[in-house]
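Listed below, chain by chain, are the residues.
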Amino acid sequence: MEIDKAIGIFDSGVGGLTVMKEVIKELPFEDIIYFGDIARTPYGSKSKETVTKYAREIVHFLSSQGVKIIVVACNTVTSFALETLRQEFRLPIIGVIKPGVKKAVEIAGNKRVGVIGTEGTILSGAYQREIKSIQPSVEIISISCPLFVPIVEEGWIDTEVSNLVASEYLAPLKTKKIDTLILGCTHYPMLKKVIQKVIGDGVKLVDSATQVAIETKDVLSKNGLIRESNRKATHKFYVSDLPPKFKELAKRFLGEEIREVIKIDMSEFVK
Ligand code: DGL
């Protein structure tokens, strides 16, 4: 039955596990299938065409597993490919941008919003368009912070390096006196403490993971697809490559040990 199918979640790599963590909190009785495109990460510096091609293959894979909904837990994929995926596939597909933007616009005081993300996300203009569609008067200052991803993956969370890099990237946002800052990348919530310290206590940080989980529950509920609460959920993990550090890294993002990870060959899903 449709209701018994899993939720599919995917990202370019491990970052989407921060979204999965929130989805588990919100929907503890749902089965989840996670896919991380470790072989081809990062997506943040790649073109729209390439990211869309990869995303399409992953949605084909998740569809072959029989999922009832897909959560695109990657800001770069959401920026470049969400609309295309929605046109090409029939199942509900949720992105990470709209839920975070809704929250940011709701709390933005003097309506000066900062957005940080990968190069692809910022260049795509997706956040800017989404914010303007809800609140045209908002002033938006967006900046790409490509070094944040490797810093987080190195585990250099609250170090001299992360503080220095954050000070450099966030300086223009401080000058512009933003009052709300959207963390538009899967990895940035891990640097929340440092970002808050550098940007100042007066700026509200918006991390879309929680909002995405709420939106997923909402969409499932509207479609009558929420499972009964008297069952144990299973979580399955698939990757396109399995480097030695994967499990250690994944544990940091998900907050729990992953026992089994299955490596699959993506060439089967090229259409
Ligand atoms: N998951 C990506 C994002 O949220 C960050 C990592 C990457 O560049 O692939 O945009």
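Residues numbered from 1 in each chain as written. Predicted model: local features only at pLDDT ≥ 70, side-chain atom pairs only at ≥ 80, totals over all residues. Heavy atoms only, no water.

J.: What is the right way to read the sheet that holds strand E1 (residues 6–11) from this model?
T.: Sheet strands associate in pairs through backbone hydrogen bonding, adopting either a parallel or an antiparallel arrangement. Read across the open sheet, the 6 strands follow the order E4-E3-E1-E2-E9-E10; overall the sheet is parallel. With one partner strand each, in any of the chains shown, strand E4 (93–94) and strand E10 (261–263) form the two edges of the open sheet. In this structure, E1 lies alongside strand E2 (residues 32–36), joined through 5 bridges in parallel fashion. Counterpart to Asp11 in the pairing with E2 is Gly36. Docked against the sheet, helix H2 (residues 48–64) engages E1, E2, strand E3 (67–72) and strand E9 (235–239), running at close to 160° with respect to E1. (Pairing = 2+ DSSP bridges. Helix = DSSP H or I, 4+ residues; strand = E, 2+ residues; numbered from the N terminus. Contact = heavy atoms within 4.5 Å. Axes fitted to C-alpha atoms, helices over the stretch in contact; angles between N-to-C directions.)

J.: I keep staring at the site of the ligand and nothing clicks. Help me out?
T.: The environment of the ligand is formed by 13 residues, the closest being Asp11, Ser12, Tyr43, Gly44 and Thr76. Contact distances for the ligand include 2.8 Å between a nitrogen atom and a side-chain N or O atom of Asp11. Contact distances for the ligand include 2.7 Å between an oxygen atom and a backbone N or O atom of Tyr43. Calculation on the ligand without its partners gives an accessible area of 300 Å², and the protein chains cover 98% of this total. (Near = heavy atom within 4 Å. Polar contact = N/O pair within 3.5 Å; in protein donor to acceptor, adjacent residues only side chain to side chain. Areas by Shrake-Rupley, 256 points an atom, 1.4 Å probe, with all protein chains shown as cover.)

J.: Even after reading the chapter, I still don't get the layout of surface pockets, so can you show me in this structure?
T.: To find leftover empty space, a probe the size of one water molecule is rolled over the atoms. Considering only enclosed or pocket space, the largest pocket measures out at about 380 Å³ in volume. In terms of lining residues, the largest pocket is bounded by 21 residues, among which Thr78, Leu82, Glu83, Arg86 and Glu130 are the most central. Among the secondary structure elements, those contributing two or more residues to the lining of the largest pocket are helix H3 (75–88), helix H4 (97–107) and helix H6 (126–134). The greatest single-element share of the lining of the largest pocket, amounting to 8 residues, is contributed by H3. Its residues assigned to classes, the lining of the largest pocket shows 8 nonpolar, 5 polar and 8 charged. The calculated volume of the second largest pocket comes to roughly 300 Å³. Lining the second largest pocket are 13 residues, and of these His235, Lys236, Phe237, Glu257 and Arg259 lie nearest its centre. Listed by contribution, the elements that provide at least two residues to the lining of the second largest pocket are E9 and E10. (1 Å grid on protein atoms, 1.4 Å probe; cavity = no way out; pocket = protein on both sides within 12 Å on 5 of 7 lines; lining within 4 Å. Points joined across faces, edges and corners; volume = space filled by probe spheres on them. Nonpolar A, V, L, I, M, F, W, Y, C, P; charged D, E, K, R; others polar.)

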